[in-house]
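Here is how the chains run, residue by residue.
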Amino acid sequence: MAGYDIQTLDTLMTAISFIVGAMVGSFLNVCVYRLPKGESVVKPRSRCPKCESSIVWCDNIPMVSWLMLGAKCRNCKTPISWQYPLVEAITAALFGAVYVRYGFTIASPVYMLLSAGLVLVTFVDLTDWTIPNEVTFPGIPLGLVCALVAMFVPGTNLMILAPPSVPIFSALLGAVVGGGILYALDKGALLILGKRGMGFGDVKLIAMLGAFFGFPAVVMIIAIAACCGAFLGYALILMQRSKGEEETAHYIPFGPYLSFAGVVVMLFGQYLYNLWITNMGIEILQQPY
Ligand SMILES: [Zn+2]
């Protein structure tokens, strides 16, 4: 192709990924709002929750419209939450990052879909304290199907960290071990502390991530999520103390931490693993001279 080179094409594809991500994010906003209520995410069209006037297409451009309208409904001037452009911006950034990381491969659309699911999980868990089955129920089999496909189509293996020769085995192991660890933690907390550690939604979520990323990676995801959870949980307690507030036993949603850890492993898993191996002094990844 005269006049076009790979770099131009890549820049264009990254931009397209970003825009598609923003549009998907716009749809995710509808899902975050309606799924916990059991409403249809397809119809009716988006409305202002206050005055119920339909949102015209030109006021529904991801991120841009929110800024143009000054974060208010055009009709009744009710403030529109910053959560809407935030969800759109995060989804757009993730789609762009996935393309930058994986380029023109089968991994890109799969991980974009997964990213969208994780954004949805995060914001439903933050606002409704549930993890939607609408994500995990199709997500677990989809992860397993991807692993199965990888066995027959060369170059489609999505298993992160030390790719096994039998991806479906890694995916099954990831789902079972990941789900098992969280299930054990949940039951353990119930036995020892007399309260629930986390919900069964978290068990299904980590089973889904295990199905997508396989066995060794799922342990890394749990470790990263636990570290972030402990760090932020402790920061919250310190903040309450400094404000002189009574320390209350909050339910802290674990879904956002698991989702965040899933994204970290999706984008940087291989890099982190190599770093770890190198620092351990094990030079198995180095080519022999
Ligand atoms: Zn309104």
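In this report, we go over the structure that sits alongside the text. (Residues numbered from 1 in each chain as written. Predicted model: local features only at pLDDT ≥ 70, side-chain atom pairs only at ≥ 80, totals over all residues. Heavy atoms only, no water.)

A word on the coordination of the zinc ion
In the first shell of the zinc ion, the protein supplies Cys-48 (SG), Cys-51 (SG), Cys-73 (SG) and Cys-76 (SG), at 2.3 Å from the metal. Between the four donor atoms coordinating the zinc ion, the angles at the centre fall across 103 to 115 degrees, so the site counts as tetrahedral. In the primary structure, the donors to the zinc ion are separated according to the pattern C-x2-C-x21-C-x2-C. In this pair, Cys-48 is assigned in the loop between helix H1 (6–34) and helix H2 (64–68) and Cys-73 in the loop between H2 and helix H3 (83–102), connecting sequence segments 25 residues apart. (Donors = N, O, S within 2.8 Å, 3.2 Å for Na, K, Ca; no water. Tetrahedral: all angles 85-135°; square planar, octahedral: opposite > 155°, others 65-115°. Helix = DSSP H or I, 4+ residues; strand = E, 2+ residues; numbered from the N terminus.)

A word on the packing of H3 against helix H9 (residues 255–279)
One way to put it is that H3 packs onto H9 with a least axis distance of 11 Å and a crossing angle of 20 degrees. Between H3 and H9, the angle is such that the two are roughly parallel. When the axes of H3 and H9 are compared, the crossing they make is left-handed. For the pair formed by H3 and H9, the contact residues are Leu-94, Ala-97, Val-98, Arg-101 and Tyr-102 on the first element and Val-263, Met-266, Leu-267 and Gln-270 on the second. Residues belonging to the contact of H3 with H9 are distributed by class as follows: seven nonpolar, one polar and one charged. (Axes fitted to C-alpha atoms, helices over the stretch in contact; angles between N-to-C directions. Parallel < 35°, antiparallel > 145°, perpendicular 65-115°, else oblique. Left-handed = near helix turned anticlockwise from the far one by under 90°. Contact = heavy atoms within 4.5 Å. Nonpolar A, V, L, I, M, F, W, Y, C, P; charged D, E, K, R; others polar.)

Observations regarding the packing of aromatic side chains
Within this structure, the stated rule accounts for four aromatic pairs. Arranged with centres 6.1 Å apart and planes meeting at 45 degrees, the rings of Phe-254 and Tyr-257 form a pair that is tilted. Accessibility assignment for this pair places Phe-254 and Tyr-257 in one class, buried. Taken together, the ring pairs connect Tyr-102, Tyr-111 and Phe-213 into an aromatic cluster. (Phe/Tyr/Trp six-rings, centres within 6.5 Å; stacked < 30°, edge-to-face > 60°. Buried < 20%, exposed > 50% of the residue type's maximum accessible area, 1.4 Å probe, protein only.)

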